[in-house]
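Chains, contacts and geometry: an overview
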Amino acid sequence: MSAHTATTGTGTATGTAAEVELAIGGMTCASCAARIEKKLNRMDGVEATVNYATEKAKVSYRGEDISVQDLIATVEKTGYTAREPAPPVHTTEEGAPEAAEADELRPLRQRLLTAVALAVPVIAMSMVPALQFDYWQWLSLTLTAPVVTYAAWPFHKAAFTNARHGAATMDTLISVGTTAAFLWSLWALFFGTAGMVGMTHPFELTIGRSDGAGNIYLEAAAGVTAFILAGRYFEARSKRKAGAALKALLELGAKEVTVLRDGHEVTVPTVELQVGDRFLVRPGEKIATDGTVVEGASAVDASMLTGESVPVEVGVGDSVTGATLNAGGRLVVEATRIGADTQLARMAKLVEDAQNGKAAAQRLADRISAVFVPVVIALALGTLGFWLGNGGGLTAAFTAAVAVLIIACPCALGLATPTALMVGTGRGAQLGILIKGPEVLETTRRVDTIVLDKTGTVTTGRMTLLDIHTADNTTETDVLRLAGALEHSSEHPIAQAVAAGATERTGAPLPTPEDFANIAGLGVQGVVEGHAVLVGREQLLAEWEIHLPVELARRKAGAEAAGRTAIAVAWDGEARAVLEVADAVKDTSAEAIERLRALGLTPILLTGDNRAVAEAVAAEVGIEKVYAEVMPEDKVDVVRRLQAEGRSVAMVGDGVNDAAALAQADLGLAMGTGTDAAIEAGDLTLVRGDLRAAADAIRLSRKTLGTIRTNLFWAFAYNVAALPLAAAGLLNPMIAGAAMAFSSVFVVGNSLRLRGFRAAA
């Protein structure tokens, strides 16, 4: 289902149609989101998309028949909370949004800390006979009670909500298991023999019938709660960052702008700009909003928005985009679009739509629980009925039934995902790979196509001096010294690339020009060490009646055909050299493409640059399919087209222009050397900025997923294997304890194997 335009406040009506965004509370898993979505879509004239990651519902409805309050009421009847998000508050206080997010996580963190502090001594006393002093069981009860009631309350609440709607999830299993363990322990302590002085849990791994009167399972109740709360807390913390891509995008723009009013320069907040205002943009400043140049000329670096690596020359009458960087001269711009109409805001909207339109991956444990939980409860009831019907007595029947529930409560299941994820993400961080959460891992297994942004991903993202072609009787050193000295005085990014290349290749300081002039749109001229030097376009040389010799003209044409920028150099009335400047391909990119192919992925190059540049880069690294001259909003469409062909698409990018496509892709890999917007929109972040890390990230993710699946299998296998014993009334406490402990040890040990993961040599 497609995502719809969001509004905050009371919704926006268009004719009879209205759209609203609701903040949803109380969801604990992806099945909760699916349930709310199903309920809303059953309402006449309502189309809804609920996103578990962002905790929001996008709803389109008929305004004359249904109100926002009706929608909220429907969500609340389903057992969750809904409200319209508060409008954004403009504040200068740094960190306020982060504080609000931290406040939302505080209750969960408090429950986790309480559970861990109280569960650790309970588990220690139950598992180590040497710690079982007189009345240790009563101390265990005192410590476990707050864990099972206060700390585990979210599980009990969710289980009740699920039960009302005939559903069963992990929460149901946790709630039923921990409650059964706690209540049976209470019975055994108060009415059985477990409360007697000197009661211990001996190491007897024997199978035999017991009336359960001396058995307590407090460590299971406390331990399961603590383990699973830890997993939920770390998941919630990473989930809070889901909306940060939009925040990072919108924060790219200039915060203040110098407006020209009645001949005076006035600095105002950007939000106060109006269409038609004229504002000043100095060299090095960001352009405040979309507009048209009315005075001045400059080079504008738009790479963060368009992916175009070469700065764009602009003059009077040219359009410029908000959040791009003025890399050259002084500009006066007339605002043509403000606020939500700007290209930056439209890109933020694209990211949001892509995030909300992406189906949330259903947690594997929940999918298993949907079948496992009803089976276990049915088996427990069947056990109770069987023993009562066969004259086994109420105590024996209840012991067997509760043993079924207790052994089914998956101690190791609480560790299965968090431990593998913790070890896998920890190892990934050491290798420069950040994995955002368990949902990401399932996608890596299915991905078959990888779309690569060019600028900053396959290439370095900065202009570099690549080649020098000299005329007869001219040395490279002379060209570098004289051209480099003149270009060093210019602020233009291409000039800076020449200057940097000259310094690096000569290994000596550049001389200082005696005279310097910047010729807008053509290049620079000046005097260096007594020579009259020209560096720039061929037209600049032609104005001085200087023409390129045949060989240099051929070299220049070849460079431009390959998508490179060709710069002519002349001094003392003669053309001396042609310099080639371009965005250089990273040394490791070709090897990275080979590794991605080895993983079964088809690489595709996607860029806003012109086709000649794109195809030259693709040929150099071994990519066959190229999408060139693609605008930022069209990158999302390319990803959607590939998905419509039945492909599972991974996207690697680093710029703001890639953020929406990263969010739309089945798997987004953001280069850590890129913008915050790209990093937040991605599922995996590659800290190193080396494309080989993308192959390592997919390998590590697949291996981590495999480990989680193995953990889940064995976590359930131990329980399933012991269920017949429990149903037969043959399960004593040490068998149950040993099975739980061994399954947990196995899960942790299996997860620790991920520490041995190595990046490909």
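Residues numbered from 1 in each chain as written. Predicted model: local features only at pLDDT ≥ 70, side-chain atom pairs only at ≥ 80, totals over all residues. Heavy atoms only, no water.

With that settled, consider the sheet that holds strand E11 (residues 312–314). One open sheet accounts for 3 strands, arranged E11-E10-E13; its pairing is antiparallel. Because the sheet does not close on itself, it has two edges, and the strands there are E11 and strand E13 (325–326). Where strand E10 (residues 298–301) lies against E13, 2 bridges are found, and the strand directions are antiparallel. Within the sheet, the bridge partner assigned to Asp301 lies in E13 and is Leu325. (Pairing = 2+ DSSP bridges. Helix = DSSP H or I, 4+ residues; strand = E, 2+ residues; numbered from the N terminus.)

Take the UniProt feature "transmembrane region" (unreviewed entry) in the protein next. Taking the numbering used here, the UniProt-annotated feature "transmembrane region" (unreviewed entry) corresponds to residues 112–129, 135–153, 173–196, 216–234, 368–388, 394–417, 711–728 and 734–752. Span residues 112–129 is 89% helix and 0% strand, its end C-alpha atoms 27 Å apart. With 75% helix and 0% strand, residues 173–196 has its two end C-alpha atoms placed 31 Å apart. (UniProt positions renumbered as here; feature names shortened; annotations may be inferred.)

To continue, consider the environment of Leu280. Along the polypeptide, Leu280 turns up in strand E8 (residues 278–281). Classification of Leu280 by relative accessible area gives buried; the value is 3%. Between the C-alpha atom of Leu280 and that of Glu334, which follows or precedes it by 54 residues, the distance is 9.1 Å. Non-local contacts of Leu280, meaning those with residues more than four positions away in its chain, are made with Thr258, Glu265, Glu285, Arg330, Leu331 and Val332. (Buried < 20%, exposed > 50% of the residue type's maximum accessible area, 1.4 Å probe, protein only. Contact = heavy atoms within 4.5 Å.)

The next point concerns the pattern of salt bridges. Scanning the model with the defined rule gives 25 salt bridges in all. Close ionic contact of Arg595 with Glu591 constitutes a salt bridge, the shortest N to O distance being 2.5 Å. Residue Arg595 and its partner Glu591 are located together in helix H20 (residues 589–598), separated by 4 residues, close to a single helical turn. The salt bridge involving Arg692 is made with Asp690; its shortest N-O contact spans 2.9 Å. (Salt bridge = Lys/Arg side-chain N within 4 Å of Asp/Glu carboxyl O.)

Our next topic: helix H19 (residues 550–561). For H19, built from 12 residues, the straight-helix expectation of 16 Å at 1.5 Å per residue is met to within 8% by its first-to-last C-alpha distance of 16 Å. Residues of H19 that are buried include every one of Leu552, Lys556 and Ala559, and no others. Along H19, the residues classed as buried sweep out an arc of 65 degrees about the axis, all on the same side. Residues of H19 that are exposed and point more than 90 degrees away from the buried face comprise Val550, Arg554 and Ala561. Summarising the contacts, the buried residues of H19 are in contact with strand E17 (459–470), helix H18 (538–542), strand E21 (565–571) and strand E22 (574–585). At the exit of H19 stands Gly563, carrying a positive phi of roughly 85 degrees. (Expected span 1.5 Å × (residues − 1). Arc of directions from axis to C-beta.)

Let us now look at the sheet that holds E22. Taking strand neighbours across the sheet as the criterion, the 6 strands line up as E17-E22-E21-E20-E19-E18 in an open arrangement whose pairing is antiparallel. Two strands close off the open sheet at either side, each with one partner strand: E17 and strand E18 (515–519). Between one strand and the next, the sheet's axes are offset by a mean angle of 20 degrees, whatever the strand orientation. Sheet analysis places E18 next to strand E19 (residues 523–528), joined by 5 bridges and oriented antiparallel. When the bridges of E19 are listed, Ile519 appears paired with Gly523. Docked against the sheet, helix H16 (residues 476–488) engages E17, E18, E19, strand E20 (531–536), E21 and E22, running at close to 110 degrees with respect to E19. (Axes fitted to C-alpha atoms, helices over the stretch in contact; angles between N-to-C directions.)

A cluster of nonpolar residues, Met127, Val128 and Leu131, forms a patch on the protein surface that exposes about 220 Å² of accessible area. The topology assignment puts Met127 in helix H3 (residues 96–127). Taking the relative accessible area as the measure of exposure, Met127 reaches 34% and is therefore partly exposed. (Patch = residues over 30% accessible without salt bridge, like charges linked within 9 Å, V, L, I, M, F, W, Y side chains within 5 Å. Areas by Shrake-Rupley, 256 points an atom, 1.4 Å probe, with all protein chains shown as cover.)

Attention shifts here to helix H4 (residues 136–151). The end-to-end C-alpha distance of H4, which contains 16 residues, comes to 22 Å, matching closely the 22 Å that a straight helix rising 1.5 Å per residue would cover. Bending of H4 peaks at approximately 30 degrees at the position of Thr144, with proline Pro146 no more than four residues after it. Residues of H4 that are buried include every one of Trp136, Gln137, Ser140, Leu141, Leu143, Thr144, Val147, Val148 and Ala151, and no others. (Bend = angle between axes of the 7 residues up to and from the residue.)

Glancing now at the packing of H16 against helix H17 (residues 493–506). Axes are the key here: two packed helices are described by the angle between their axes and the distance separating the axes. Two elements in contact, H16 and H17, have axes whose closest approach is 8 Å; the angle formed by their N-to-C orientations is 140 degrees. Taken together, the axes of H16 and H17 are oblique relative to one another. The chirality of how H16 crosses H17 is left-handed. Counted together, Glu476, Leu480, Gly484, Glu487 and His488 of H16 and Ala495, Gln496, Val498, Ala499, Ala502, Arg505 and Thr506 of H17 form the full contact between these two elements. (Parallel < 35°, antiparallel > 145°, perpendicular 65-115°, else oblique. Left-handed = near helix turned anticlockwise from the far one by under 90°.)

Before going further, it helps to examine the packing of aromatic side chains. Two descriptors summarise a pair of aromatic rings, namely the distance from one centre to the other and the angle between the planes of the rings. This model, assessed by the stated rule, comprises 3 aromatic pairs. Ring geometry for Trp184 and Trp187: centres 4.9 Å apart, planes at 25 degrees, overall stacked. Linking Trp184 with Trp187, this pair stays in helix H6 (residues 170–190), spanning 3 residues, or about one helical turn. Trp184 gets classed as buried once you look at its relative accessible area, which sits at 5%. Look at Phe386 and Trp387: their rings are 5.9 Å apart centre to centre, the planes differ by 85 degrees, and that puts the pair in the edge-to-face class. (Phe/Tyr/Trp six-rings, centres within 6.5 Å; stacked < 30°, edge-to-face > 60°.)

What follows is about the pairing of strand E16 (residues 449–453). When you tally the buried positions in E16, you get 5 out of 5 residues, the bulk of the element. By the bridge criterion, 5 bridges tie E16 to strand E23 (residues 602–606) in an arrangement that is parallel. Looking across to E23, one finds that Asp453 is bridged to Leu606. The pairing of E16 with strand E25 (residues 649–653) spans 4 bridges and is parallel. In the sheet register, Leu452 faces E25, and the bridge partner there is Val652.

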